[in-house]
Amino acid sequence: MYKAIVVNKDPAGYHCELEIVEEETLPQGDVTIQVHYSSLNYKDGLAISGKGPIIRQFPMVPGIDLTGTVLSSESSAFSIGDSVILTGWGVGEKHPGGLAQKARVNSQWLIKKPDTITMQQAMAVGTAGFTAMLCVNALEKQGVTPKKGSVLVTGANGGVGAFAVSFLSRLGYQVVASTGRPEESDFLIHDLGASEVINRAELAQPGKPLQKEQWAAVIDTVGSHTLANACASVIYGSVVAACGMAQGMDLPASVAPFILRGVTLVGVDSVMYPQAERQAVWERIASLVDENLLNKICTTVSLGQVKEMAAKLLDGKVRGRVVVDCQA
């Protein structure tokens with residue numbers, strides 16, 4: 001038996017509880033894991049509260065991230081005792097996820113944890129940091145270097161945005177951080193390494209199809225008018241990596257930036273990113289992550305505190321990353 005956060009929907013309504021679960025309820029999969037840590041993302045908050053259509057079937061254990069130790073394996077790729085990481089692949093949505101003391105998953109969803117980061121640090125990074133690293137890699141694949149000019153990061157106080165600012169600055173880029181919380185400018189500059197902070201209001205309203213060329217590249221976590229304005233404001237031949245939709249799923253833009261300035265718009269998805277390439281991404285994360293920053297932005301809670309923390313997360317009362325100690 002083990003503890004797990006279980007979300008259910010029945011005639012009595014939608015509810016979420018910390019339950020004691022029988023081992024026999026573990027789903028199909030070729031690797032069983034003792035989960036040491038998970039994390040609490042905005043998507044998890046929606047799943048736990050029922051405020052978003054995240055969960056596809058009930059009952060469900062939420063948690064889109066997990067790290068732990070292999071208890072048993074039918075896969076030649078993983079052995080008992082291996083430390084592993086899982087993010088994405090629909091875990092916590094249509095396959096029981098990480099907010100539990102045990103998980104059984106498909107081995108093709110796993111990678112081995114880099115030796116240079118701890119399990120707790122891996123979950124402090126989680127899907128947010130993984131997505132940010134994919135965005136940085138996408139810019140570099142398109143030829144963006146620090147010498148090309150500054151890089152705009154939208155939603156810079158969010159999980160993905162904050163890691164993007166940190167990774168870029170550690171790689172030598174000049175980063176312009178766009179945020180709706182200008183009172184966090186000191187944190188963005190002194191802790192994350194941004195060179196400049198702008199108010200998101202400058203980008204959030206409808207704008208001209210072509211605007212003043214300002215940035216060599218953009219990592220956008222916001223979508224909608226912000227993404228449209230970002231595309232309209234990058235220099236000739238530059239690239240915009242889009243990975244989020246905090247402002248909206250729409251893209252009220254014209255083809256002008258793409259045709260007249262040769263702008264490239266790259267979509268970045270972290271959920272189904274190929275397993276064969278994930279290990280290298282995590283190794284790079286481990287080489288760039290700032291341990292002091294993780295300590296500063298990370299709050300660790302137990303499974304028993306998850307419901308309360310999820311509510312605070314959705315209310316915007318949580319700063320930084322929330323790591324869940326599943327064995328506490």
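In this numbering scheme, every chain counts its residues from 1 along its sequence in written order. Local features in this predicted model are restricted to residues whose pLDDT is 70 or higher, and side-chain atom pairs enter the listing and the counts only when it is 80 or higher, whereas totals over whole chains, interfaces and linings include all residues. Think of the side-chain values as coming from all heavy atoms in the structure, minus any hydrogens and water.

Asks: How would you summarise unusual backbone geometry if you had to cite specific residues and measurements?
Replies: With glycine set apart, most residues show a phi of negative sign, and most peptide bonds adopt trans. Note that the residue after Phe58, namely Pro59, is joined by a cis bond; omega there is -10 degrees. The backbone of Trp89 shows a phi angle near 65 degrees, a positive value even though the residue is not glycine.

Asks: Summarise the environment of Asp65; cite the residues concerned and give the values.
Replies: Tracing the backbone shows Asp65 in strand β4 (residues 65-73). Each C-alpha atom, one on Asp65 and one on Leu265, is 27 Å from the other, the two residues being 200 residues apart in sequence. Residue contacts are defined here by distance: any two heavy atoms, one from each residue, within 4.5 Å place the two residues in contact. Filtering out sequence-adjacent residues up to four positions away, Asp65 remains in contact with Ser38, Ser39, Asn41, Leu86, Thr87, Gly98, Met123, Gly126, Thr127 and Arg321. Polar contacts, as counted here, are pairs of nitrogen or oxygen atoms within 3.5 Å of one another; within protein the pair requires one atom able to donate a hydrogen and one able to accept it, and residues that are adjacent in sequence qualify only if both atoms are side-chain atoms. A distance of 2.4 Å separates the side chain of Asp65 from the side chain of Thr127, its partner in a polar contact. A helix here means a DSSP run of H or I that spans at least four residues, while a strand means a run of E at least two residues long, and both kinds are numbered starting from the N terminus.

Asks: Explain the side chain of Ser75 to me, using residue names and the numbers behind them.
Replies: Within the secondary structure layout, Ser75 lies in the loop between β4 and β5 (83-87). Residues contacting Ser75, with those up to four places away along its chain left out, are Asp30, Val31 and Ser107.

Asks: Which residues make up a nonpolar patch on the surface, and what values do they have?
Replies: On the surface, Val255, Ile259 and Leu260 cluster together into a nonpolar patch covering about 330 Å² of accessible area. On the secondary structure map, Leu260 appears in helix α7 (residues 256-260). Throughout this description, buried means an accessible area under 20% of the type-specific maximum (1.4 Å probe, protein chains only), exposed means over 50%, and partly exposed covers the range between. Judged by its relative accessible area of 55%, Leu260 falls in the exposed class. Nonpolar side chains (Val, Leu, Ile, Met, Phe, Trp, Tyr) are joined into patches within 5 Å and like charges within 9 Å, using only residues with over 30% relative accessible area and no salt bridge. Residue exposure ignores everything except the shown protein chains as possible cover, and the areas themselves are Shrake-Rupley values with a 1.4 Å probe. A carboxyl oxygen of Asp or Glu within 4 Å of a side-chain nitrogen of Lys or Arg is what we treat as a salt bridge.

Asks: Which residues make up the pairing of strand β14 (residues 298-302), and what values go with them?
Replies: The pairing criterion for strands is at least two bridges between them, as found by DSSP. Alignment of β14 against strand β15 (residues 321-325), held across five bridges, turns out to be parallel. Following the sheet pairing, Cys298 is matched in β15 by Arg321. Running through helix α10 (residues 306-314), the crossover from β14 to the neighbouring parallel element β15 is right-handed. For a crossover, the right-handed case is the one in which the path from the first strand over the helix to the second runs clockwise, viewed with the strands pointing away from the viewer.

Asks: Quick rundown of the sheet that holds strand β10 (residues 196-199)? Include the residues and the values.
Replies: Strand order in the open sheet made by the six strands is β10-β9-β8-β11-β12-β13, with parallel pairing throughout. Here the strands that pair on one side only, and so sit at the sheet edges, are β10 and β13 (264-267). Adjacent strand axes in the sheet meet at a mean angle of 20 degrees, parallel and antiparallel pairs treated alike. Taken together, the three bridges between strand β8 (residues 151-153) and strand β9 (residues 175-179) define a ladder with parallel strand orientation. Each bridged residue has a counterpart across the sheet, and for Leu152 the counterpart in β9 is Val176. Note on geometry: axes are C-alpha line fits, over the in-contact stretch for helices, and angles between N-to-C directions span 0 to 180 degrees. Where helix α2 (residues 119-141) meets the sheet, it contacts β8, β11 (215-220), β12 (234-242) and β13, and its direction lies at approximately 150 degrees from that of β11. Packed on one face of the sheet, helix α6 (residues 224-233) meets β8, β11, β12 and β13 and runs near 150 degrees to β12.

Asks: Any details on the environment of Met133? Residues and values, ideally.
Replies: Examined against the element boundaries, Met133 turns out to sit in helix α2. Exposure remark for Met133: the relative accessible area of 0% places this residue in the buried category. Taking C-alpha positions, Met133 is 15 Å from Gln275, a pair spaced 142 residues apart along the chain. Residues in contact with Met133, not counting those within four places in the same chain, are Phe167, Val281, Arg284, Ile285 and Leu288.

Asks: Can you explain the state of the cysteines? Please cite residues and give values.
Replies: Cysteine sulfur atoms that come within 2.5 Å of each other are treated as a disulfide pair. According to the stated counting rule, one finds zero disulfides in the structure shown. Counting only cysteine sulfurs, Cys298 is the nearest neighbor of Cys326, a cysteine outside any disulfide, at a range of 13 Å.

Asks: Which residues make up the packing of aromatic side chains, and what values do they have?
Replies: A pair of aromatic rings is counted whenever rings of Phe, Tyr or Trp (Trp by its six-membered ring) have centres within 6.5 Å, and the orientation is called stacked for planes under 30 degrees apart, edge-to-face for over 60 and tilted otherwise. All told, the structure shown has four aromatic pairs when counted by the stated rule. When the centroid spacing of 6.0 Å and the interplanar angle of 80 degrees are considered together, the rings of Phe130 and Tyr273 count as edge-to-face. Of the two residues, Phe130 sits in helix α2 while Tyr273 sits in the loop between β13 and α8 (275-288), which places them 143 residues apart along the sequence. For Phe130, a relative accessible area of 0% puts it in the buried group.

Asks: How would you summarise the side chain of Asp44 if you had to cite specific residues and measurements?
Replies: Position of Asp44 relative to the elements: it lies in helix α1 (residues 42-49). Within polar-contact distance, the side chain of Asp44 engages the backbone nitrogen of Gly63 at 3.4 Å. A distance of 3.1 Å separates a polar atom in the side chain of Asp44 from the backbone nitrogen of Ile64. Each residue touching Asp44, except ones within four places of it in the same chain, is listed here: Ser39, Gly63 and Ile64.

Asks: Outline the pattern of salt bridges, listing residues and values.
Replies: Overall, the coordinates contain eleven salt bridges when judged by the stated rule. A salt bridge links Lys43 to Glu93, with the nearest nitrogen and oxygen atoms 3.3 Å apart. Of this pair, Lys43 sits in helix α1 while Glu93 sits in the loop between β5 and β6 (102-105), placing them 50 residues apart in sequence. Among the residues examined, Lys43 registers a relative accessible area of 28% and is labelled partly exposed. Among the residues examined, Glu93 registers a relative accessible area of 9% and is labelled buried. Taking the shortest distance from any N to any O, the salt bridge between Asp82 and Lys112 comes out at 3.9 Å. With Asp82 in the loop between β4 and β5 and Lys112 in strand β7 (residues 111-112), this residue pair connects regions lying 30 residues apart in the sequence. By relative accessible area, Lys112 is classed as partly exposed at 37%. Linked by salt bridges that have partners in common, Lys43, Arg56 and Glu93 make up one network.

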